[in-house]
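# Structural characterization, general
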Amino acid sequence: MRKLATNLLNATAVILFISFFAFLSSCSNENNLGYFDAATAKIIGEINHPDVYAPNVPPPVKPNRGALKQIINMEVVEKVGRLADGVEYDFWTFSGTVPGQFIRIAEGDEVEFHLKNHPDNKFAHNIDLHAVTGPGGGAASSFTAPGHESIFSFKALNPGLYVYHCATAPVGMHIANGMYGLILVEPKEGLPEVDREYYIMQGDFYTAGKYGDRGLQAFSMQKALEENPDYVVFNGSVGSLTGDNSLQAEVGETIRLYVGNGGPNLVSSFHVIGEIFDKVYVEGGDMINNNVQTTIIPAGGAAIVEFKVDVPGEAILVDHSIFRAFNKGAIGKIHISGEENKAIYSGKLDDRIYQIEGGAIQVMPEVEKEPIIAGSLKEKITEGKIVYDNFCKACHQAGGKGFTGVYPPLANSSYFKGEPNKAISTIVNGLSGPIMVNGTEYNSAMPAQVLTDEEVSNVVTYILNDFDNGGGEVTPAQVKAQRK
Ligand code: HEC
Ligand SMILES: [Cu+2]
């Protein structure tokens, strides 16, 4: 007992001693023990922060470069933009994009923030940066009417990856319309060097119509209250990180992703299919977790994830609440080029026949649809492509080239060329059993597609014309006649 008391006394003395030192050192920026106080760090220069938009980030902070004054200009713009193919939305944005520009500073930096509200905007806006120590994260000081500019300044005290967002009432609506972004406060010695860095931010959108309904979609307050989004997307739209917009990497590189979640409602189960996170800076803070499959990113939170890419192919970013990925848009891709490494991943070694008689056919869920009326042949082809991209491409692939032995090609197809009714019947009634297409046998099943007569007539017209099947035009009446 006495021994414990002595130990406690000793410990207290040590703590007092350390505190005394900390007090002394806080009087200067950095003392000979390397103690650094961001609050009093002396500003040694001034720069204009560059405007850099997702998926890119500004260059890293030079290690121990000293504290700088950073002038940041951000303009709020309310504008109609693309949410998905054929779907538009009236976004409210920081700097014209969702998410807003990436801000990258160092601890100890002083930020002079200029928030401008475009004169053509209809609403007042402000900004709450989670990296700010001060009331509302800057919200009250930055409240700005259209055609005005607010200026306030703050000192970056805590390193980490932070969300910023609009906090003007109704706050949920401003965030739901796209008003968020990320601010990275690097530790003064910088982050470890990596080969590539990207900026990704998830958000949920609530539209008056259903997923895929065409035209300009209004915000649905009811669905937002129910936390029932139609769209869950990365970087502001379906497809912002797929196809030509896919992120790029090369085998052997280490990739760092700055991942934020604007919400307003959903929590993201962020995962990259085909990769393991070597490192996760949990919740964007200092704690590093290693060897993680899926990391949770709260609404209004962020995480930094890092992984080395060892084999070529496509790594797929998803919210692993998986209907959000495959049915609401939360999907992105990293295209990895380079040499195969069969020791790490073999690829398919063999494909053998394994069959059970009378296997069950997968049935697609029913979806109610408003008819979309396309007039001219050109319009039908344009509408048909949208149907194809949304409902057929996942199996029949881009350009209708198919997938040998699994999904037959629709391009120059010997199965229905010259007989469009066979294509129509396949789509509306489904198809199973053996068929020959372009010299290859397919023995699989295609579920009947839940589409309107209009949609089927458009998609068949599209595949007749754009996939080298001899052209032609199909009418809704012709589709109706094929339904069993
Ligand atoms: C879930 C995967 C899947 C989806 C989605 C799908 N198909 Fe198919 N499709 C198949 C399979 C598998 C077959 C072959 C069936 C068989 O072996 O009998 C097929 C066959 C066909 C055929 C006849 C064979 C040929 O190549 O000419 C046509 C035409 C066709 N599909 C069109 C479409 C269109 C148009 C859509 C979108 C509206 C669509 N499919 C959506 C899997 C799919
Ligand atoms: Cu706002």
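Residues numbered from 1 in each chain as written. Chains lettered and ligands numbered in written order. Predicted model: local features only at pLDDT ≥ 70, side-chain atom pairs only at ≥ 80, totals over all residues.

## Describing the packing of helix 6 (residues 420–429) against helix 7 (residues 453–466)
Think of two packed helices as two axes; the pair is described by the angle between the axes and how far apart they sit. Just so we agree on the cut-off: Lines fitted to C-alpha atoms define the axes, with helix axes restricted to the stretch in contact, and inter-axis angles between N-to-C directions lie between 0 and 180 degrees. Per the convention used, a helix needs a DSSP run of H or I reaching at least four residues, while a strand needs a run of E reaching at least two, with both numbered from the N terminus. Orientation is classified from the angle alone, with under 35 degrees giving roughly parallel, over 145 giving roughly antiparallel, 65 to 115 giving roughly perpendicular, and any other angle giving oblique. It is the rotation of the near helix from the far one that decides the hand of a crossing: anticlockwise by less than a right angle makes it left-handed, clockwise makes it right-handed. We call two residues in contact when their backbone-placed C-beta atoms lie within 7 Å.
As a packed pair, helix 6 and helix 7 sit with axes 10 Å apart at the nearest point and diverge in direction by 135°. Viewed along their axes, helix 6 and helix 7 adopt a mutual orientation that is oblique. Between helix 6 and helix 7 lies a crossing whose hand is right-handed. Of the residues in helix 7, those touching helix 6 at Pro420, Ala423, Ile424, Ile427 and Val428 are Val456, Val460, Ile463 and Leu464.

## With respect to the pairing of strand 3 (residues 87–94)
Residues in a regular strand point their side chains to alternate faces of the sheet. Filter applied, for reference: Exposure classification rests on a simple neighbour count of other C-beta atoms within 10 Å of a residue's own: a residue reaching 20 or more is buried, one at 12 or fewer is exposed, and one in between is partly exposed. C-beta atoms are placed from the backbone. One bridge is not enough; two strands pair if DSSP finds at least two bridges between them.
Extensive coverage of strand 3 is indicated by the burial of six of its eight residues. Pairing geometry for strand 2 (residues 67–84) and strand 3, over eight bridges, is antiparallel. Bridge assignment links Val77 to a residue of strand 3, and that residue is Thr93. Hairpin connection between strand 2 and strand 3: a loop of two residues separates the two successive antiparallel strands, and Gly86 in this loop has a positive phi of roughly 80°. The pairing of strand 3 with strand 11 (residues 215–217) spans three bridges and is classified as parallel. Directly across from Tyr89, in strand 11, lies its bridge partner Gln217.

## Comments concerning the sheet that holds strand 12 (residues 231–234)
By definition, the strands of a sheet pair up through backbone hydrogen bonds, in either a parallel or an antiparallel sense. Read from one edge to the other, the open sheet built from six strands follows the order 12-10-14-19-16-17, with strand pairing classed as mixed. Edge positions in the sheet fall to strand 12 and strand 17 (288–292), since each of these pairs with one other strand and no more. Each neighbouring strand pair of the sheet contributes to a mean axis angle of 20°, computed without reference to strand direction. Pairing of strand 14 (residues 254–263) with strand 19 (residues 301–308), which is carried by eight bridges, proceeds in the antiparallel orientation. If you follow Gly260 over to strand 19, its bridge partner there is Ala302.

## Points about the nonpolar core
So the rule is basically this: By convention the nonpolar core is taken to be a set of buried residues drawn from Ala, Val, Leu, Ile, Met, Phe, Trp, Tyr and Cys and joined through C-beta atoms within 7 Å.
Ranked by size, the top nonpolar core spans 85 residues in total, and within it Tyr162, Leu182 and Tyr258 carry the most contacts. It is strand 2 that contributes the most residues to this core, seven residues altogether. The contacts of Tyr162, once residues within four sequence positions are left out, are Leu129, His130, Ala131, Leu182, Ile183, Val185, Gly284 and Ala302. Residues Val387, Phe416, Ile427 and Val474 belong to the second largest nonpolar core, which totals 18 residues.

## A few points about the site of ligand 1
Convention followed: Throughout this description, a residue near a molecule or strand is one whose C-beta atom, derived from the backbone, lies within 6 Å of it. Three classes are used, and their members are as follows: Ala, Val, Leu, Ile, Met, Phe, Trp, Tyr, Cys and Pro are nonpolar, Asp, Glu, Lys and Arg are charged, and the others, Gly among them, are polar.
Taken together, 28 residues lie near ligand 1, and Cys392, Cys395, Pro408, Tyr415 and Met446 sit nearest. For the shell around ligand 1, the secondary structure elements donating two or more residues are helix 5 (377–396), helix 6, strand 22 (431–437), strand 23 (440–446) and helix 7. Taken together, the residues that form the shell around ligand 1 break down as 20 nonpolar, eight polar and no charged.

## Section: the packing of helix 5 against helix 7
Closest axis-to-axis distance for the helix 5/helix 7 pair is 7 Å, and the angle between their directions is 100°. In terms of axis orientation, helix 5 runs roughly perpendicular to helix 7. Residues Lys380, Ile381, Glu383, Gly384, Lys385, Val387, Tyr388 and Cys392 of helix 5 touch helix 7, and the partners they reach there are Glu455, Ser457, Asn458, Val459, Thr461, Tyr462, Ile463, Asn465 and Asp466. Across the contact of helix 5 with helix 7, the residue classes tally to seven nonpolar, five polar and five charged.

## Points about the pairing of strand 20 (residues 313–319)
Examined bridge by bridge, strand 15 (residues 268–273) and strand 20 share four bridges and lie antiparallel to one another. Note on strand 20: the bridge partner recorded for Ile273 is Ile316. Pairing geometry for strand 20 and strand 21 (residues 331–337), over six bridges, is antiparallel. Counterpart to Ala315 in the pairing with strand 21 is Ile334.

## Re the environment of Ile151
On the secondary structure map, Ile151 appears in strand 7 (residues 149–155). Given 13 C-beta atoms within a 10 Å radius, Ile151 is considered partly exposed. For the pair Ile151 and Ser141, spaced 10 residues apart in the sequence, the C-alpha separation amounts to 7.6 Å. Not counting residues up to four positions away in its chain, the partners in contact with Ile151 are Glu112, Phe113 and His114.

## Regarding the environment of Tyr89
Secondary-structure assignment places Tyr89 in strand 3. It is 5.5 Å that separates the C-alpha atoms of Tyr89 and Leu216, two residues lying 127 residues apart in sequence. Excluding residues within four positions of it along the chain, Tyr89 makes contact with Gly81, Leu83, Phe205, Thr207 and Gln217.

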